[in-house]
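The lines below spell out each chain.
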Amino acid sequence: MHAPMRTCVGCRAIRPQAELLRTRILLADGGEQVQVVPDEYIRTCAKRHGLSARGRSAYVCPARSCLERAARRGGFARGFARKMPAVNPTALWSAHGDALAGMIDLLNRSGSAAAPRVQRLAALATAMRAAVGRVC
Ligand SMILES: [Zn+2]
């Protein structure tokens, strides 16, 4: 089986999509407010608040250094192919941690069919914890 590959918008490494954090653009106030958020956030919280994601995804390694590099060097603007307001890498990093934990919790309650996804998300959460403080 051929795993889909994606490029990290921070370090530009090409890795299996399953090993990368997926980010989306969240639009609010008729598209005026643009925010980069974890994909899992879109699937859980955002819908409840009447917010929605638009367009493509951008992927980043589960390493804080990659988030910071992407935020500093316009990686998200490149990944989303649009002008972006500044991305706060600290906020986005903790949002990813929270979103992964929330999604794992949700999937765990939905039964064993979700086990492969839980495993994949748990691996990402572990990679994030291992990467804290690591410098690329
Ligand atoms: Zn990277």
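- Going by an unreviewed UniProt entry, the protein chain carries the name DUF448 domain-containing protein and comes from Nannocystis bainbridge.

## Focus on the layout of surface pockets
- In this structure, the largest pocket encloses a volume near 180 Å³.
- For the largest pocket, the lining is made up of 14 residues, of which Gln35, Val36, Val87, Asn88 and Leu92 are closest to its centre.
- If you list the elements that add at least two residues to the lining of the largest pocket, you get β4 (33-38) and α4 (89-109).
- With five residues, the top contributor of residues to the lining of the largest pocket is β4.
- Counted by class, the lining of the largest pocket contains twelve nonpolar, two polar and no charged residues.

## A word on the nonpolar core
- In this structure, Leu21, Val36, Val60, Phe76, Phe80 and Leu100 are the most contacted members of the largest nonpolar core, which totals 33 residues.
- Of all the secondary-structure elements, those providing two or more residues to this core are β3 (21-28), β4, β5 (52-60), α2 (64-72), α3 (75-80), α4 and α5 (115-131).
- For Val60, the contacting residues outside a window of four places in its chain are Cys8, Val9, Gly10, Leu20, Leu21, Cys66 and Leu67.

## Some thoughts on the coordination of the zinc ion
- For the zinc ion, the full set of protein donor atoms is Cys8 (SG), Cys11 (SG), Cys61 (SG) and Cys66 (SG), at a range of 2.3 to 2.4 Å.
- Of note is the zinc ion, whose four donor atoms meet at the metal with angles of 103 to 113° in an arrangement that counts as tetrahedral.
- Positions of the donor residues of the zinc ion, expressed as sequence spacing, correspond to C-x2-C-x49-C-x4-C. Each member of the pair Cys61 and Cys66 is classed as buried.

How each quantity is defined
- Residues numbered from 1 in each chain as written.
- Predicted model: local features only at pLDDT ≥ 70, side-chain atom pairs only at ≥ 80, totals over all residues.
- Heavy atoms only, no water.
- 1 Å grid on protein atoms, 1.4 Å probe; cavity = no way out; pocket = protein on both sides within 12 Å on 5 of 7 lines; lining within 4 Å.
- Points joined across faces, edges and corners; volume = space filled by probe spheres on them.
- Helix = DSSP H or I, 4+ residues; strand = E, 2+ residues; numbered from the N terminus.
- Nonpolar A, V, L, I, M, F, W, Y, C, P; charged D, E, K, R; others polar.
- Core = buried A, V, L, I, M, F, W, Y, C linked by side-chain atoms within 4.5 Å.
- Buried < 20%, exposed > 50% of the residue type's maximum accessible area, 1.4 Å probe, protein only.
- Contact = heavy atoms within 4.5 Å.
- Donors = N, O, S within 2.8 Å, 3.2 Å for Na, K, Ca; no water.
- Tetrahedral: all angles 85-135°; square planar, octahedral: opposite > 155°, others 65-115°.

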